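# Remarks on the overall topology
Here is how the chains run, residue by residue.
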Amino acid sequence: MAGLLGRLRSALSVRTVARQVFSLQAAIVVLLVVAAVMALVLQSRADSEREARNRSLAVAETFANAPGIEEALAGPDPTAVLQPRAEEARRASGVDFLVAMTTDGIRITHPDPAQIGRHYIGTIGPAAAGGIVRETVTGTLGPSTRAVVPVTDAEGDVIALVSAGVTLEAVSGVVDHQLPLLLGAAAAALAVATFGTALVGRRLRRQTHGLGPAEMTRMYEHHDAVLHAVREGVLILDGDGRLELANDEARRLLGLSPDAEGLLARELGLAPDIARLLASGRSATDEVYPAGDRLLAVNQRPTDPGGGPSGCVATLRDTTELQTVTGRADMAQERLKLLFDAGLEIGTSLDVERTSQELADFVVPRFADFVTVDLADPVLRGEEPSGAGAAMRRVAFRGIRDDTPLYPPGKLIHFVPSTPQSLGYGSGETVLEADMTAFSGWQAQDPERARRLVEAGIHSMIAAPLRARGVILGVVTFWRSRKPEPFEHDDVTLAEQLGARAAVTIDNARRFTREHTLAVALQRSLLPRALPEQNALDVAHRYLPAHAGSGGVGGDWFDVIPLPGARVALVVGDVVGHGLHAAATMGRLRTAVHNFSSLDLAPDELLWRLDELVTRIDQDESGDGAPVTGATCLYALYDPGTRLCTMARAGHLEPVIVRPDGSAAFAAVPGGPPLGLSGLPFETAEIQLPEGSGLVLYTDGLVEDRTRDIDEGLELLRRTLAHPGRTPEETCSAVLDALLPEQPSDDIALVVARTRALGSARTAAWDVASDPSAVGRVRAAVARTMAEWGLEEESFTTELILSELVTNAIRYAAEPVRVRLIRDRALICEVSDGSSTAPHLRRAATTDEGGRGLFLVAQFADRWGTRYTADGKVIWTEQPLLTGTSDNDR
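Worth saying up front: this structure is predicted, and the values here are computed from it rather than measured. (Residues numbered from 1 in each chain as written. Predicted model: local features only at pLDDT ≥ 70, side-chain atom pairs only at ≥ 80, totals over all residues. Heavy atoms only, no water.)

### Structural notes on the nonpolar core
Basically, it comes down to this: To define a nonpolar core, start from buried Ala, Val, Leu, Ile, Met, Phe, Trp, Tyr and Cys residues and group those joined through side-chain atoms within 4.5 Å. Think of it in three bands: residues with accessible area under 20% of the maximum for their type are buried, residues over 50% are exposed, and the middle band is partly exposed, with areas taken using a 1.4 Å probe on protein chains only.
In terms of nonpolar packing, the biggest core is built from 53 residues, with Trp557, Leu570, Leu610 and Tyr635 touching the most fellow members. Ranked by size, the runner-up nonpolar core spans 44 residues in total, among them Leu338, Ile462, Ile472 and Ala509.

Laid out in structure tokens, this is it:
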């Protein structure tokens, strides 16, 4: 009996971890369940009150806006009509009361008929003013949540009020109905949680075996075995520095005798440094001390801070092998960091030579004392090396000093087969020349230079091929002089990795160079190679592609297009983007402008047709490439006969007009949307230009720069142009000197034109009456004019052409009919009339009496065509001048 009571008392007094966890979890579950029930009750009450407020407002507004309410209020007995309706609505909607009242608050309806005619209890002022009242007050039915809304007539005046509400007792009833359900759910949750907690406690108790006193005693009983099993020396010393305990590993590491326990630390025959540390009893953390041929890491802690006996505990760990491994790990880490930094610092630009120089700059002096980079010549042009021979050009050099016999950058070197560079380039394998002083064959390239290299202290080198994507681009050579140790095989691995990383960036730069070269070649082929001959304008131009590292060639273009009647069109455009796509798109747009200009269209109509073309291109290429939308264009048409310049622009910058006196201003050309937006019209501007005026067209790359705002660039351009007496060539040079960025990030197109005028000695014009007999008079006047110009040989052909054109105009067209001759680089005949019907060339049959006029014109004239004006049309022809003409004959 006494033994049973003892076991029971022991069970009650033991507090295992499992039981503590169970008690804590059970308390937490109870608190969570109680909090959840309280939160649900409060939330349910709040939701019920909110529902009551919303329902009372909805019922009140519905009854106030019900059909017939206004007629009932205007009747002789509103209560008789509205009381049944109000009660029916109240019962149907579930509210506790629905009251209609006058604007003074006198009840007209009420669930309790005895309250009808009495004053309403609550706030009605805001509702009487047209607002809404929502409140909780105590009325005749007790505390309630209610809403009061106005009843308005057709004019919006308040004629009565309606109040609806739900008593708080009803709201509480809803909560009371829900409370049993909430409590039941809480009880179920508590039961489930308690059961789960019990399962967790049981599993924890099973896994920890109870952690009772017996188990802890067993752990302490086996501590000696654990100490003897660890591979770390353990020493326990008392407060006097006397050894009390040493495990087997400590005896082995320190060479202790079997009777070492009980001796002072200084009597153990230890190394002096370790003996002083053990005798001092101070704390130590991973302090390394030599012990014979070993390096020991010692940790020591006093035992008394936690209330234990005075003394200290020291642990010993053999770090001899660890030090060696750590040294290698540190070296490996340094090399990894070197490779990581190489990835960040090499290849910052898409330029082959700059990337090679970045490799040389990075390596010296972190890995080598001198570095040279030699690449095959085709790589510098963006091409793949042919692989034939070992001729390479030195593109980069860096060293700890410059006075070395190494070949300088820029030199084309033909390496002989026995050199490490030739071997590495040919085989793709890295070549190590650990001892250059042995002259094992590397000196065959230049024996005298090799001797001077050795005399300069260079004693070891590694030649690593630059291989990327299966192609060897060149060789990077690492040279060592300051450090006496030669390169080793581990250094070869690092050299190969550095070369591989650099080769990828060099190959990327090579590919970009190739693409940029192709894009520049394409764009150059699409731009005008030479300006056409014409007498209307003196034109100079500049075109500069963007810097290769700033995006490459873009889509800027310009054009000078001679038109009939000695007129000239100037065009400048810009396609957003860079690369081959932008250049190809530019070519398409330039071709389209040429084709549209051949139709002799007005600038606004030409841009409209170009806009439609861009829209169709975008639709055809949707999903296959970048859209063309974003292209801009400026089209200017100059007529030297009238000195009238007609311009229109699509999203492009305004041109600059430079007057003969040197004043410069931007032309007020209405701005249209960029090409491709479609549907929006373009407007034209007509400017009369004095002879000798300057017309400057440009793209945004000239005035935009990262260092300045575009408005600043435009103002700088205007000030630069405001100088009289400059030729177009001088103007182009002055503009580029003032505005050209050091590395343009966008293409730059600049066209500068100086206007000329057709003098009266070069033109002749006659008005023609609508009479067939006037044809003879015209022929006679033309003959006299041709004789005055010294063009008698062309006179007959000109008379024949004009007689046919004038006859057709008199016969088929409308007045006024006018003839004009222009002596330019060709003889131009123009016949204008007031009809917009264009003639058509046809081949007459043998029996036809007519239809041969235009056929004869086409045969005798070099070119002919029709252009439309606001008043009709002009039929023109051009004839080559056999006797020539002088540009200065104005």
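### A few points about unusual backbone geometry
Rule in force here: Strands are runs of DSSP state E lasting at least two residues, helices are runs of H or I lasting at least four, and both sets are numbered from the N terminus onward.
Following Val364, the chain continues into Pro365 via a peptide bond in cis, with omega recorded as -5 degrees. Within the secondary structure, Pro365 sits in the loop between α12 (352–363) and β10 (370–375). Residues Glu815 and Pro816 are joined by a peptide bond in cis, for which omega reads -5 degrees. Residue placement: Pro816 occurs in the loop between α22 (792–812) and β28 (817–823). Positive phi outside glycine occurs at Phe439, with the angle close to 50 degrees. Assessed through its relative accessible area of 33%, Phe439 is described here as partly exposed.

### Some details on the sheet that holds strand β16 (residues 537–544)
Our working definition: Here a strand pair is declared whenever DSSP counts at least two bridges between the two strands. Helix axes use the C-alpha atoms of the stretch in contact, all axes being lines fitted to C-alpha atoms, and the angles between their N-to-C directions lie in the range 0 to 180 degrees. Contacts were defined at the residue level, with two residues in contact if any of their heavy atoms lie within 4.5 Å.
Reading across the sheet, the five strands line up as β16-β26-β25-β21-β22 and stay open at both edges, with antiparallel pairing between neighbours. Each end of this open sheet is capped by a strand with a single partner; those strands are β16 and β22 (664–666). Within the sheet, the average angular offset between the axes of one strand and its neighbour, ignoring direction, is 15 degrees. The sheet contact formed by strand β21 (residues 656–658) and β22 spans three bridges and is antiparallel. Within the sheet, the bridge partner assigned to Ile657 lies in β22 and is Ala665. Each of β21, β22 and β25 (694–698) is contacted by helix α19 (residues 710–721), which is oriented at about 145 degrees to β22, the strand it contacts most.

### Let's talk about the pairing of strand β11 (residues 391–399)
Regular strands show a simple pattern: their side chains alternate between the two faces of the sheet. Both β10 and β11 contribute to a ladder of six bridges, which runs antiparallel. Paired with Asp374 across the two strands is Arg394, which belongs to β11. In terms of strand pairing, β11 meets strand β12 (residues 412–414) through three bridges, oriented antiparallel. Bridge pairing links Ala391 to His414 in β12.

### Side note on the packing of α19 against helix α20 (residues 728–739)
Applicable threshold: Left-handed describes a crossing whose near helix is turned anticlockwise from the far helix through less than a right angle; right-handed describes the clockwise counterpart. In this classification, Asp, Glu, Lys and Arg are treated as charged, Ala, Val, Leu, Ile, Met, Phe, Trp, Tyr, Cys and Pro as nonpolar, and every other residue, Gly included, as polar.
Interaxial distance between α19 and α20 falls to 10 Å at its minimum, and their mutual angle equals 145 degrees. Considering how the two elements wind past one another, α19 and α20 form a crossing that is right-handed. Counting all contacts with α19, which are made through Gly713, Leu716, Leu717, Thr720 and Leu721, the residues of α20 involved are Thr731, Ala734, Val735, Ala738 and Leu739. Broken down by class, the residue content of the contact of α19 with α20 amounts to seven nonpolar, three polar and no charged.

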